[in-house]
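# Coordinates in review
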Amino acid sequence: MRSTLSLVGGRVASGLWGSRLRSALALTGAFFLLLVTPPCEATGVGTEGHTFGQTGIFNSPEASRRLSREKLQAVSAGLERVTGWAGIHFERDTVLCLRDVRESGSGSPTARALLLKAMQTVTIFLEDYSRSFSVAFAAIQRRAVSHPDSGRSIPIFSLRLDFEDFRYLTGHPEALEAFDMGFVLLHELGHAVEGRSDPSDRRGTVEPGECEALVNEVRRELGLPLRAHYRSEHVFPSLLSDFSFGRIRFERMVEHQGKPRLETYFVQWPTKFVIR
Ligand SMILES: [Zn+2]
């Protein structure tokens, strides 16, 4: 994946950062990046279906599905954590804006490239599906294709988020960090932007699949444990229990007394509250 970043005062490909240039700029404080992204306002004609014609990430135009300011901030903060870009925000609670972003010195290049590509190539409407029985954490659906001019077509997606589900997550801190809002968003962007899919059969119980392989690349870049499988396991606290947990395992090789050792971490949630 390639992204075009232009620095104030010079244009460079993201992979070609000279260390001398980088350290010289670091001395001046935070990096201010000028990214080639859509304008921070919804200029598309209309907000429904094929008439929209503007790439980027937008709050739902539908009143009942609109994300509150607090929820938009949760989305921005999640994306800031994985990309390492500070200053991601929603302009007028409507459109995701990268105009003022600056490098914080952390973050994943893969996450940055994926977000940038989403902003440049697809239209995504965020929809609030909190307390929904049909969405577990998040889901994305292709809705339509717009044709703003001849020769160009822009796929339009609905990205549904169930913010309540995140409140029920418990587990190891390392695993919770590897399965937060930012990572869940990146997973859905992997579907929309790169056309990656999840395992549809039982392989999902033993492997993460091609979409999570991309998200695992981000986790690797951030030094976090990797998701080991796609489908959650069902765990019953006792044989008599009618209460179960959904659980996902994360793994990381660590060095222990000079030898490599596989460490395992979990996130889990009560299945009766997080239903799909
Ligand atoms: Zn998926």
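The structure displayed is predicted, hence computed values, not measured ones.

## Some points on the environment of R167
Counting through the fold element by element, R167 comes out in helix α4 (residues 163-167). For the pair R167 and F273, spaced 106 residues apart in the sequence, the C-alpha separation amounts to 10.0 Å.

## A short note on the pairing of strand β15 (residues 245-256)
Two strands pair when backbone bridges link them, and strand β13 (residues 226-227) and β15 are joined in this way by two bridges, in the antiparallel orientation. Within β15, the residue paired with R227 across the bridge is F250. Here strand β14 (residues 233-235) pairs with β15 via three bridges, running antiparallel. In the strand pairing of β15, V235 is matched with F245. Bridging between β15 and strand β16 (residues 259-270) involves twelve bridges; their strand directions are antiparallel. Each bridged residue has a counterpart across the sheet, and for E251 the counterpart in β16 is T264. Between β15 and β16, which follow one another and run antiparallel, lie two residues, and Q257 among them has a positive phi close to 50°.

About the criteria used
Residues numbered from 1 in each chain as written. Predicted model: local features only at pLDDT ≥ 70, side-chain atom pairs only at ≥ 80, totals over all residues. Helix = DSSP H or I, 4+ residues; strand = E, 2+ residues; numbered from the N terminus. Pairing = 2+ DSSP bridges.

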